Amino acid sequence: MSATTAMEVNAEARRILAVSISKLYASRTQRGGLRLHRSLLLSMVMRSARDIYHSSRECEGPSDAQPTQEEPMDTSSSLEEQTGLPEPVQPEPQPALNSTELPPEEPDSAEEDSDSEITEDKENLSPRRQSRKRRGKVSAAPDFLPSKRARLEPGEERYAAPLGSCRAGAGESLTALSLNRVIPAF
Amino acid sequence: MEEESDTRKINNSFLRDHNYATEADIISTVEFNSSGELLATGDKGGRVVVFQREQESKSQPQRRGEYNVYSTFQSHEPEFDYLKSLEIEEKINKIKWLPQQHAAYFLLSTNDKTVKLWKISERDKRPEGYNLKDEDGRIRNPLTITSLRVPVLQPMDLMVEATARRVFSNAHTYHINSISVNSDLQTFISTDDLRVNLWNLEITDRSFNIVDIKPANMEELTEVITSAEFHPQQCHTFAYSSSKGSIRLCDMRQAALCDKHCKYSPLADHRAILQASAEQEGGEGWGCEEEEVEKDFEEPEDPSTRSFFSEIISSISDVKFSHNGRYLMTRDYLTVKVWDLQMENKPLETYQVHDYLRGKLCSLYENDCIFDKFECVWNGSDSVIMTGSYNNFFRMFDRNTKRDVTLEASRENSKPRAILKPRKVCVGGKRRKDEISVDSLDFSKKILHTTWHPHENIIAVAATNNLYIFQDKVN
């Protein structure tokens, strides 16, 4: 994949993620309650978009700042955590939009985002880990927010990450912004 | 095939707020009864309108069997589930007729949570000549009564009454997407996103769960049930479709063991445990485990076509058995497929409904059209299949000649007794005079619900809040 098409795919994936998030929001206020099928399809699109986003980022080459690579991974995955919070009262919990952080001593688990949830996905080539933690709505403390730990992908080397470069760049502000809005809403 | 335009439903709403009126009048289901004499429509406002075909009269041969309004009633009302703080929509998701056994007509109608059995009966006589009250209903002065008389039935203007005979509720946690009456005429199934329940038409406080795909951990959910239907002749067989694009054919008789999450494999390894247990208050279970044999119909995916939206467009929105019971038809977003029940690994026939949309999936995702659930329908002889599309287009595929046609349901093109002109969508290059380009398609005008008369070439097509009935031209 050339750099330009990778960038296009990248931008497309981010746009689709943003659109999906707004749809997820809108579905919460829909008459008749959350539709399980629709929520499931939305989460699948989000997962596809995220996976394609990552693979396009990898194609851009490892010289691209790895810290910024971590940022969208973390924000989108914790975003998924947020949206995947099962509400105890509602017997129609949001499906599949969940992710868990892997313990940091297992960085080589998957070639894709290592802290996302398993639900069976044809694109996955390596086994995923089961979600062990159940995120309750009650936990307002940000312990579910991913820590800004750099995680290694297989085959990549650790680069010296300058301080401050972990902050979301302009291009990533979209997903980061959405995350900030998500938390108060829940 | 040439068609003739006939009746149009009159929008009965007089509400001043135009938006509300339009919303509640959107037709959400259409269904002919088993003789084709009656046509029922359900709408978003919870109403059911039943049309009846006029008897053909020799004096007016050109008015062959038009459909006129026979009965209108409010089937479901909006409800509020206080426990979950959820509003339950009154929109009628499906209507299924029971085959006629007596003078009255019966149909099942369902919204997201509750199925109701309605009896539609005619009254054309009333008793006159009571002793204690006169014709106006006022009590007669007993002192003036000198003799007794027997009330006599006198003809009156035809009155059609609809009464709710059964209410089947509290059995579904998720939203009901389909109902299907068994050929034994005693039971029916109702299906929500994760479960299929079997009911007896006479018993409302008990149902049996025969399919449950809810995972122990909801976070592992990967697919939902999108539709289910009984086999038209075999009362022990039913099929259900999933959001992953697979169809499972289940036999309620045999016992076998399974693993619910198995992938496709030959029939011998491929069975399912399904429980028979009573739900709701106090019902006793049968005490045994009823298990079913399953057949999984699934086409292996072509990896080259994978995209963001692969899962959405492979989700099956409708499944229908053919009338002869040998085939199954499924509708996903872009295609209609006909499956032979004996062949599980690939469909017998695949028809492209609107493949020109494949390159527009992203915009269709943004405007929510990609979530539209189109239905599909067989004609009486199973030789032609029909399904809807956008811009008020609907498509018919002749399975024998392999010809297909695109027709449009619109007021401008549908004067009474006009012949429908085939339409064509131009996919690129030069657009001919009568063609319409993909970008000019109106995606707000979609035909999701269609039905075909069981014996004749009469179709009913719902275009938002309008109903179009087309008949074959006969010389």
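A brief look at the structure comes next. Keep in mind that what you see is a predicted model, and the values were worked out from it rather than measured.

### So, the sheet that holds strand S3 (residues 38-43) of chain B
Residue and element names in this part refer to chain B.
Argument step 1. Judged by pairing direction, the sheet is antiparallel, and its four strands sit side by side in the order S2-S3-S4-S5 without closing on themselves. Of all the strands in the sheet, the pair left with one neighbour each is strand S2 (27-32) and strand S5 (67-74). Within this sheet the neighbouring strands show an average axis-to-axis angle of 20°, counted without direction.

### Here we look at the sheet that holds strand S24 (residues 349-352) of chain B
Residues and elements named next belong to chain B.
Argument step 1. Read across the sheet, four strands follow the order S21-S22-S23-S24 without closing on themselves; strand pairing throughout is antiparallel. Only two strands of the sheet have a single neighbouring strand rather than two, namely strand S21 (318-321) and S24. Within the sheet, the average angular offset between the axes of one strand and its neighbour, ignoring direction, is 15°.
Argument step 2. Summarising the sheet, strand S22 (residues 327-331) and strand S23 (residues 335-340) pair through five bridges and their orientation is antiparallel.

### Describing the pattern of salt bridges
Argument step 1. Enumeration according to the criterion identifies 35 salt bridges over all chains in this entry.
Argument step 2. The partner of B:Glu202 in a salt bridge is B:Arg166, and the shortest N-O contact between them spans 2.6 Å. Highlighted residues: B:Glu202 in the loop between strand S14 (195-200) and strand S15 (208-212) and B:Arg166 in strand S11 (residues 152-168), separated in sequence by 36 residues.
Argument step 3. Note that B:Arg195 is salt-bridged to B:Asp212, the shortest N-O span being 3.1 Å. Of this pair, B:Arg195 sits in strand S14 while B:Asp212 sits in strand S15, and the two are 17 residues apart along the sequence.
Argument step 4. Residue B:Arg195 is classed as buried on the basis of its relative accessible area of 15%.
Argument step 5. B:Asp212 gets classed as buried once you look at its relative accessible area, which sits at 13%.
Argument step 6. Shared partners join several salt bridges into a network, and the residues in it are A:Glu12, A:Arg15 and B:Glu366.

### Looking at the pairing of strand S13 (residues 187-191) of chain B
Side chains on a regular strand alternate between the two faces of the sheet.
All names here are of chain B.
Argument step 1. Burial runs high along S13: five of the five residues are buried.
Argument step 2. Of the two faces of S13, the one lined by Thr187, Ile189 and Thr191 and the one lined by Phe188 and Ser190 are each fully buried.
Argument step 3. Here strand S12 (residues 178-181) runs beside S13; their pairing, made up of four bridges, is antiparallel. Paired with Ser180 across the strands is Ile189, a residue of S13.
Argument step 4. Connecting S12 to the antiparallel partner S13 that follows it, the hairpin turn spans five residues, and Leu185 within it adopts a positive phi of roughly 60°.
Argument step 5. With five bridges connecting them, S13 and S14 associate as antiparallel partners. Of the residues in S14, the one forming a bridge with Ser190 is Asn197.
Argument step 6. Adjacent in sequence and paired antiparallel, S13 and S14 are bridged by three residues.

Calculation rules
- Residues numbered from 1 in each chain as written.
- Chains lettered and ligands numbered in written order.
- Predicted model: local features only at pLDDT ≥ 70, side-chain atom pairs only at ≥ 80, totals over all residues.
- Heavy atoms only, no water.
- Pairing = 2+ DSSP bridges.
- Helix = DSSP H or I, 4+ residues; strand = E, 2+ residues; numbered from the N terminus.
- Axes fitted to C-alpha atoms, helices over the stretch in contact; angles between N-to-C directions.
- Salt bridge = Lys/Arg side-chain N within 4 Å of Asp/Glu carboxyl O.
- Buried < 20%, exposed > 50% of the residue type's maximum accessible area, 1.4 Å probe, protein only.

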